[in-house]
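# Examining the three-dimensional arrangement
Chain by chain, the residues run as shown.
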Amino acid sequence: MRAGLMKSAALSGTLMVLLYTALISSADAITKLLAGAYAAPQLYVVSGGLVVAMSLAADRLKGGGSGGGLRTRCPRAMAIRSVMTVVSATCYFYAFRLLPFAEVFVFIGLVPLFAGLLSGPVLGEHLRPAVWFALAAGFVGVLCLFPEGVATFGPGHAIALAASFCGTLSMIMARYIGRFEQNALAQVLYPNLALVAVMALALPFVYVPMPLVDFGWAAGYATVLFAARWILVVALRQLVAYAVTPLMNLQFVWMVILGAVFFGEVPGVHILLGVSIVIASGAYLIYDRVMADRRLVTAVRTGIVPAE
């Protein structure tokens, strides 16, 4: 039974992450549309509240009744994930306010390296030297996409670094929790519930009336975000964190493709080089994971590792 499951886990996890990048890129586009008119607490309260409502509704449709199906078996880990989600969301908002987009994306490119560092002590997933090389190559590829890099290090960069680290730890905790419970909805519900609770404290000071059209955009954002976060949690159960995070860098690739197709932005040589390195790095990590799964399947079949 275990051998059969291991065969498809890496590939299905890869497809889920690719779908996640498409969804989260759509959510980012809606954020840019609304961010100029509303403060972060208002956007997070509205969208987070809708995501919480969707989680509860989905649980009821699954037969969870009054929410009992959303209880977590890992309350401490879930609390850490929720706090890290709130801190990361807040830091990213202010990082984008203080820094150019390109400089923030450089720090987002650090996420795979942070995942590699945290996977060992938190998850016991130790990386081989070849995997570290692929992770480092992926970060170099991201730097090629933004050749100006980071000119001087200031408060905005420190906030972006904190956002990157906390966001990575949130994802690492998602994989940890996924080892003990199968309900991905719980991992969507509690971080968003925490986000709404914290942002609601600041809402009275920044609230402005929201027209129905903008509320519709916010609802669309929440729907896409709910799907993206649910898919990411499921993917993190099937694919190791250090392989998931480089695939998330494909968001940068989609940005280049969309810019060329819809806005006539012809990519330079450094862009093509960076995209190639990012794709090659992600492809190697997926290949490495598939090979590891095949070795485990062989070990199960030969009796070296007992089947579950």
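In this report, we go over the structure that sits alongside the text. (Residues numbered from 1 in each chain as written. Predicted model: local features only at pLDDT ≥ 70, side-chain atom pairs only at ≥ 80, totals over all residues. Heavy atoms only, no water.)

Before going further, it helps to examine the packing of aromatic side chains. Given two aromatic rings, one states the distance between the centres and the angle between the planes to describe the pair. Inspection of every chain in the model, using the stated rule, returns two aromatic pairs. Between Phe114 and Phe165 the ring centres are 5.5 Å apart and the planes differ by 90°, which places this aromatic pair in the edge-to-face class. Of this pair, Phe114 sits in helix α5 (residues 111-123) while Phe165 is found in helix α7 (residues 155-178), placing the two residues 51 residues apart along the sequence. The exposure class of Phe114 is buried, given its relative accessible area of 15%. (Phe/Tyr/Trp six-rings, centres within 6.5 Å; stacked < 30°, edge-to-face > 60°. Helix = DSSP H or I, 4+ residues; strand = E, 2+ residues; numbered from the N terminus. Buried < 20%, exposed > 50% of the residue type's maximum accessible area, 1.4 Å probe, protein only.)

Right, let's get into the environment of Phe165. Taking the relative accessible area as the measure of exposure, Phe165 reaches 35% and is therefore partly exposed. Along the backbone, Phe165 and Phe107 are 58 residues apart, and their C-alpha atoms lie at a distance of 9.1 Å. Residues in contact with Phe165, not counting those within four places in the same chain, are Phe114 and Leu118. (Contact = heavy atoms within 4.5 Å.)

Within the fold, Val46 resides in helix α2 (residues 40-61). Residue Val46 is classed as buried on the basis of its relative accessible area, which comes to 18%. Remark: the alpha-carbon pair of Val46 and Ala218, spanning 172 residues in sequence, is separated by 7.0 Å.

Defined simply, a disulfide is a covalent bond joining two cysteines at their sulfur atoms. The full count for this structure, using the stated rule, is zero disulfides. With no disulfide of its own, Cys166 lies 5.9 Å from the sulfur of Cys91, the closest cysteine sulfur. Since its relative accessible area comes to 10%, Cys166 is described here as buried. (Disulfide = S-S within 2.5 Å.)

Below, the discussion takes up the side chain of Ser119. Looking at where Ser119 falls in the secondary structure, it is placed in helix α5. A relative accessible area of 0% means that Ser119 is categorised as buried. Looking at Ser119, its side chain comes within polar contact range of the main-chain oxygen of Ala115, at 2.5 Å. (Polar contact = N/O pair within 3.5 Å; in protein donor to acceptor, adjacent residues only side chain to side chain.)

This part takes up the packing of α2 against helix α9 (residues 212-238). For the pair α2 and α9, interaxial distance at closest approach is 9 Å and the crossing angle is 50°. Considered as vectors, α2 and α9 are oriented oblique to each other. For the pair α2 and α9, the sense of crossing is right-handed. Of the residues in α9, those in contact with Val46, Ser47, Leu50, Val51, Met54, Ser55 and Ala58 of α2 are Phe215, Ala218, Ala219, Tyr221, Ala222, Thr223 and Phe226. Its residues assigned to classes, the contact of α2 with α9 comprises eleven nonpolar, three polar and no charged. (Axes fitted to C-alpha atoms, helices over the stretch in contact; angles between N-to-C directions. Parallel < 35°, antiparallel > 145°, perpendicular 65-115°, else oblique. Left-handed = near helix turned anticlockwise from the far one by under 90°. Nonpolar A, V, L, I, M, F, W, Y, C, P; charged D, E, K, R; others polar.)

It is worth spelling out the nonpolar core at this point. Core analysis: the largest hydrophobic core is formed by 43 residues, its most contacted members being Tyr20, Leu232 and Met248. For this core, the element with the highest residue contribution is α9, accounting for nine residues. Ranked by size, the runner-up nonpolar core spans 22 residues in total, among them Val51, Leu123, Cys166 and Met173. (Core = buried A, V, L, I, M, F, W, Y, C linked by side-chain atoms within 4.5 Å.)

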